[in-house]
Amino acid sequence: MLLRGDETKLLVPTSPWLVRGNALIIIGHLSRRGARTLAGQPRGLLAPPLLGTVAAMGIIDYTETPVGPYHEVTVSPGVLWRDLPGALVSHMLVDNLRSRLAGRAIWGLPKELARFQWGVGHAAVTDMDDQPLIAATWRARGGWPSLPLPPLPVMAQRGPRCQVFTVGGALGHVTRVRATLAIPKVSGFAPLARLARGPHLALYIEGFRLRIGNAYDLP
């Protein structure tokens, strides 16, 4: 599919995508207010006032994709129920223009460009003006066996429409880690600072192999 516009005419590979890479994943609790702040007040977000949501953030180093290697931050503030439950993707940051174009065109994902620094046990993300957004450090606590990942539903809002697709594959080598997040209070991601401060699960996944499926509109 060839996209037309001022962002340069680039060939966007069609889905499904087969990707490989490494990732830091943090899963924890967000208050209802924090979840809705990140999610943008969508209809159907499962966030009871007293319970909040289970949220997740991934900082990802893609080593193989149809558009080449790149880095990504993905944020899911909770589960959206639109006929079926699925992890709502509210934010995505990438450092690859073709990934941004493909994510928006194929899956309706809210991908924006950012700058990344990735190293052993640490990563930092800034906006295109070099203003800090997220920094993370992590160190190993214990290993887990290689795990399969059954296809999981993921949802993205495209204006008034909602799209759903699946992500599944194999997680490779999984290590339980102790993670620390540094997020400026002025950052749009400030509610995520709570993920690593309260009860949470942090994993470093090395050598995952995933299939990102086709997107379908929900009514």
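About the cut-offs
Residue indices begin from 1 for each chain and proceed along its sequence in written order. Local features in this predicted model are restricted to residues whose pLDDT is 70 or higher, and side-chain atom pairs enter the listing and the counts only when it is 80 or higher, whereas totals over whole chains, interfaces and linings include all residues. Processing note: side-chain calculations cover all non-hydrogen atoms of the structure and skip hydrogens and water entirely. To qualify as a helix, a DSSP run of H or I must reach at least 4 residues; to qualify as a strand, a run of E must reach at least 2; elements of each kind are numbered from the N terminus. Our radius of gyration looks at C-alpha atoms and nothing else; its globule reference is 2.2 Å times the residue count to the power 0.38. Here the term buried applies to any residue with accessible area under 20% of the maximum for its type, exposed to any over 50%, and partly exposed to those in between, with areas from a 1.4 Å probe on protein chains only. Only the six-membered ring of Trp is used, alongside the rings of Phe and Tyr, when aromatic pairs are assigned; centres must lie within 6.5 Å, and planes under 30 degrees apart are stacked while those over 60 apart are edge-to-face, with the rest tilted. Note on scores: pLDDT gives the predictor's confidence for each residue, bounded by 0 and 100. By definition in these notes, contact holds between two residues if any of their heavy atoms fall within 4.5 Å. Put simply, a nonpolar core is a bunch of buried Ala, Val, Leu, Ile, Met, Phe, Trp, Tyr and Cys residues held in one set by side-chain atoms that sit within 4.5 Å of each other. Strands were regarded as paired on the criterion that DSSP finds at least two bridges between them.

## Looking at the overall build of the chain
Next, step 1: When its secondary structure is counted, the chain shows two helices and 15 strands.
Next, step 2: Computed over C-alpha atoms, the radius of gyration of the chain comes to 17 Å, within 12% of the 17 Å expected from 2.2 N^0.38 for 219 residues, which places it in the range of a compact globule.
Next, step 3: Based on the C-alpha atoms only, the size of the chain along its principal axes is roughly 45 × 40 × 40 Å.
Next, step 4: A buried classification covers 48% of the 219 residues belonging to the chain.

## Considering the packing of aromatic side chains
The description of two aromatic rings rests on the distance between their centres and on the angle between their planes.
Next, step 1: Enumeration over the complete set of coordinates arrives at six aromatic pairs.
Next, step 2: Measuring from centroid to centroid gives 5.2 Å for Trp-17 and Trp-107, while their planes differ by 85 degrees, and the two rings are edge-to-face. You can see Trp-17 sitting in strand β1 (residues 17–30) and its partner Trp-107 sitting in helix α2 (residues 97–107), a full 90 residues away along the chain.
Next, step 3: By relative accessible area, Trp-17 is classed as buried at 1%.
Next, step 4: We classify Trp-107 as buried; its relative accessible area is 2%.
Next, step 5: With a centroid separation of 5.7 Å and 20 degrees between ring planes, the pair formed by Trp-138 and Tyr-204 is classed as stacked.

## A look at the confidence of the model for the chain
Next, step 1: Per-residue confidence for the chain gives a mean pLDDT of 90; residues scoring 70 or more make up 93%.
Next, step 2: The low-confidence segment residues 1–9 (pLDDT under 50) makes 19 contacts with residues lying over four places distant or belonging to another chain.

## Some details on helix α1 (residues 32–39)
Next, step 1: Within the sequence span of α1, burial applies to Gly-34, Ala-35, Arg-36, Leu-38 and Ala-39.
Next, step 2: The inward-facing, buried residues of α1 abut β1, β2 (53–64), β3 (70–76), β5 (84–88) and β6 (91–94).
Next, step 3: Just beyond α1, the residue with positive phi is Gly-40, at close to 80 degrees.

## Quick notes on the environment of Pro-199
Next, step 1: Along the chain, Pro-199 turns up in the loop between β13 (173–182) and β14 (200–212).
Next, step 2: Residue Pro-199 is classed as exposed on the basis of its relative accessible area of 74%.
Next, step 3: With residues up to four places along the chain from it excluded, the contact list for Pro-199 reads Gly-28 and His-29.

## Notes on the nonpolar core
Next, step 1: Core analysis: the largest hydrophobic core is formed by 39 residues, its most contacted members being Met-57, Val-73, Ile-134, Leu-181 and Leu-192.
Next, step 2: Take this core: its biggest share by element is four residues, from strand β10 (residues 132–144).
Next, step 3: Apart from the residues lying within four places of it in its own chain, the contact partners of Met-57 are Leu-24, Ile-25, Ile-26, Val-73, Thr-74, Val-75, Ile-134, Leu-181, Leu-192 and Leu-195.
Next, step 4: Counting residues in hydrophobic clusters, the runner-up holds 28 residues, among them Val-19, Val-67, Phe-165 and Ile-205.

## Quick look at the environment of Leu-113
Next, step 1: Turning to its location among the elements, Leu-113 is positioned in strand β7 (residues 111–113).
Next, step 2: Accessibility expressed as a relative area gives 30% for Leu-113, which makes it partly exposed.
Next, step 3: Placed 79 residues apart in sequence, Leu-113 and Gly-34 show a C-alpha to C-alpha distance of 23 Å.

## Here we look at the pairing of β14
Next, step 1: Of the pairings in the sheet, the one linking β1 to β14 comprises 12 bridges and is antiparallel in character. The residue of β14 that forms the bridge with Leu-24 is Tyr-204.
Next, step 2: Direction of pairing for strand β12 (residues 161–170) relative to β14: antiparallel, over a ladder of four bridges. Bridge pairing in β14 links Ala-170 to Arg-209.

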